[in-house]
Amino acid sequence: MSKKTLVTGTLILTLASFITRILGFVFRVFLSNIMGAEGMGLYQLIFPIYMLAWAACSAGVALAVSKKVAEFNAQKMYQDAIRTLKCAIVISVGTSIPISILLFTCSEPIATKIIQAPDTALSLKLLGTCLPFMATACCIRGYFQGRQEMSIPATAQVLEQCARMLVIYILAGIFAPKNLEYACAIAMVGLCGGEAISCIFTIIMYKVSKSKLVLKPAVNSYSTLFQTIWIMALPITANRFLTSALHSVENILIPMKLQDFGMTSAQALSVYGMYSGMAMPLLFFPSMLTGSLSVALIPAISEAKAKRNTSMLQKTVGMSIQFSSIIGIGAGGLFLALGNEIAIATYNMEDVGYILRLLAMICPFFYLQNILTGVLNGLGLQKMTFQGNVIASVLCIFLILTLVPSQGLVGFTLALLVQSGFATIFHLAHALGSIELPVDVLGWMVKPAIAITCGCIAMRYIFDAILVEMFSFRTATAIAITILGAFYIVFLFVFKCVTKKDIEMFIK
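Residues numbered from 1 in each chain as written. Predicted model: local features only at pLDDT ≥ 70, side-chain atom pairs only at ≥ 80, totals over all residues. Heavy atoms only, no water.

Here we look at the overall build of the chain
Assigned secondary structure in the chain consists of 17 helices and 0 strands. Within the chain, the fraction of its 508 residues that count as buried is 56%. Taking the intrachain contacts of the chain between residues at least 6 apart in sequence as the baseline, contacts between residues at least 24 apart amount to 83%. Carbon and sulfur atoms provide 68% of the accessible area of the chain, an area that totals close to 20900 Å². (Helix = DSSP H or I, 4+ residues; strand = E, 2+ residues; numbered from the N terminus. Buried < 20%, exposed > 50% of the residue type's maximum accessible area, 1.4 Å probe, protein only. Contact = heavy atoms within 4.5 Å. Areas by Shrake-Rupley, 256 points an atom, 1.4 Å probe, with all protein chains shown as cover.)

Points about the packing of helix α4 (residues 121-146) against helix α6 (residues 180-211)
The geometry of α4 relative to α6 is characterised by a closest axis approach of 8 Å and an angle of 25° between their N-to-C directions. One element, α4, and the other, α6, form an angle in the roughly parallel class. Crossing angle aside, the handedness with which α4 passes α6 is left-handed. Taken together, the residues of the contact of α4 with α6 break down into 21 nonpolar, 6 polar and 3 charged. (Axes fitted to C-alpha atoms, helices over the stretch in contact; angles between N-to-C directions. Parallel < 35°, antiparallel > 145°, perpendicular 65-115°, else oblique. Left-handed = near helix turned anticlockwise from the far one by under 90°. Nonpolar A, V, L, I, M, F, W, Y, C, P; charged D, E, K, R; others polar.)

Side note on the packing of helix α2 (residues 78-105) against α4
Between α2 and α4, the shortest axis-to-axis distance is 8 Å and the interhelical angle comes to 170°. As far as their axial angle goes, α4 and α2 are roughly antiparallel. Between α2 and α4, the contacting residues are Ala81, Ile82, Leu85, Ala88, Ile89, Ser92, Val93, Ser96, Ile99, Ser100, Leu103 and Phe104 on the first element and Leu124, Lys125, Leu127, Gly128, Leu131, Pro132, Ala135, Thr136, Cys139, Ile140 and Tyr143 on the second. Along the lines of polarity and charge, the residues of the contact of α2 with α4 split into 17 nonpolar, 5 polar and 1 charged.

A word on helix α12 (residues 363-378)
With 16 residues, α12 extends 23 Å between its outermost C-alpha atoms, agreeing within 8% with the 22 Å of an ideal straight helix rising 1.5 Å per residue. Burial runs high along α12: 13 of the 16 residues are buried. (Expected span 1.5 Å × (residues − 1).)

Here we look at the packing of aromatic side chains
By the definition in use, this model includes 7 aromatic pairs. Arranged with centres 5.7 Å apart and planes meeting at 85°, the rings of Tyr143 and Tyr206 form a pair that is edge-to-face. Here Tyr143, found in helix α4, pairs with Tyr206, found in helix α6; they are 63 residues apart in sequence, far enough to count as distant. Pair check on accessibility: Tyr143 and Tyr206 agree, each one buried. Note on Tyr275 and Phe412: the rings are 4.9 Å apart at their centroids and 90° apart in plane angle, and the pair reads as edge-to-face. On the criterion of sequence distance, the pair formed by Tyr275 in helix α8 (residues 265-283) and Phe412 in helix α14 (residues 409-435) is long-range, its members being 137 residues apart. A residue is classified by how much of its surface remains accessible, and Phe412, at 3% relative accessible area, is buried. Among the aromatic residues, ring-to-ring pairing joins Tyr143, Phe144 and Tyr206 into one connected group. Positioned over the ring face of Tyr222 is Arg83, at 4.5 Å from the centre of the ring. (Phe/Tyr/Trp six-rings, centres within 6.5 Å; stacked < 30°, edge-to-face > 60°. Lys NZ or Arg CZ within 6 Å of the ring centre and 35° of its normal.)

Okay, here's the thing in structure tokens:
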């Protein structure tokens, strides 16, 4: 894969992610108005179960499809790529059906005993109905990602979000006023509707794409491909499932330990809703860039490794880490400097701003960790991501148990900082060691940190002295974000963290 293909794929996915996240903000603001912080907390408690189900039936298989299809596509073995997809769908859907049955039949004990929120039982039943659609769509998106046709998964992503919002908008006025259980269930119906639409769209596009291919007889048998996918998918699935399970434990523990800190059940659920349903989406908004690059990196690195192109591997990984560090450090500075203003402008809730500012210091680790996961998966080092994520999650759970009851949100922030910091350093060491790429401390960390500090100081003065006097609060906040971005870019060039040569090398 050429660098131009990687950049094009990343830009397509980034555009889709930008549209989806803008729609997602509208969606979350609408949901928060209907459900309140407590209802958002209840809704977010379902997501650990959703991620567990996704990890079990789709995560590893979809990545295996992306990698194998990239390899077959490079050799023009299109029929083998199609067979790979068919095998993956059989495995993924076959796994999703028993999980769906389990969720539908055991929703009450899961809601009561595990999540400890009985009002989520109806939502869990609804979640079970959408898993086969999710599994199928994930596999087909992996197929198109392997073929570097990023516009298809990108469009599916946007359609999924639009369908989710439309369903919720139609049903909200009828059922939401009843109680939190029904409001939460409406949000889950929207999620299921989005998965179904995404599935239908990807199937149609697969049929169209297949009809345009010149197919030669397959070299690999179905049994060989089944075995290959199993071997590739199992460690990834085990990684995602175990890390998802540990994250689920983290998320379920948070409201429980906040009660030990002295909060009531409703207060703890509200704080959890503000953290997971409001602050985290804002915190991860800039990650649409690193997330898209991470997805595009897997087939790119797999292809470069298959061709034993060490020079291309080092350049691709080096530029990706630098890009991720710049975005992550910039995001951290943004939320540290304007966390309160962004939260008030978005949700009209200053408490969300306090959480944003607490979490701002974790942004560089979060963003770099995203890229490193794509790098390690592309290099075939899934075992390393598994080990790093498991150790980091165990550390986080231990710190939640020990710090949150005495320190509250500050203790939780420290737990997240230790978790993300350890995982990032662990993954970085193994990624760079495997391709013999040295660490560029100055270019990756020091210079971006100085640049964002200078940008924040200049922007803060302009915001306090000029913008708040001339514009409405929301307009002033939007202008301040733009000014900070411009200052940051200028200072990145001033400190030679980014040069014209870097831009040219990245896009050519």
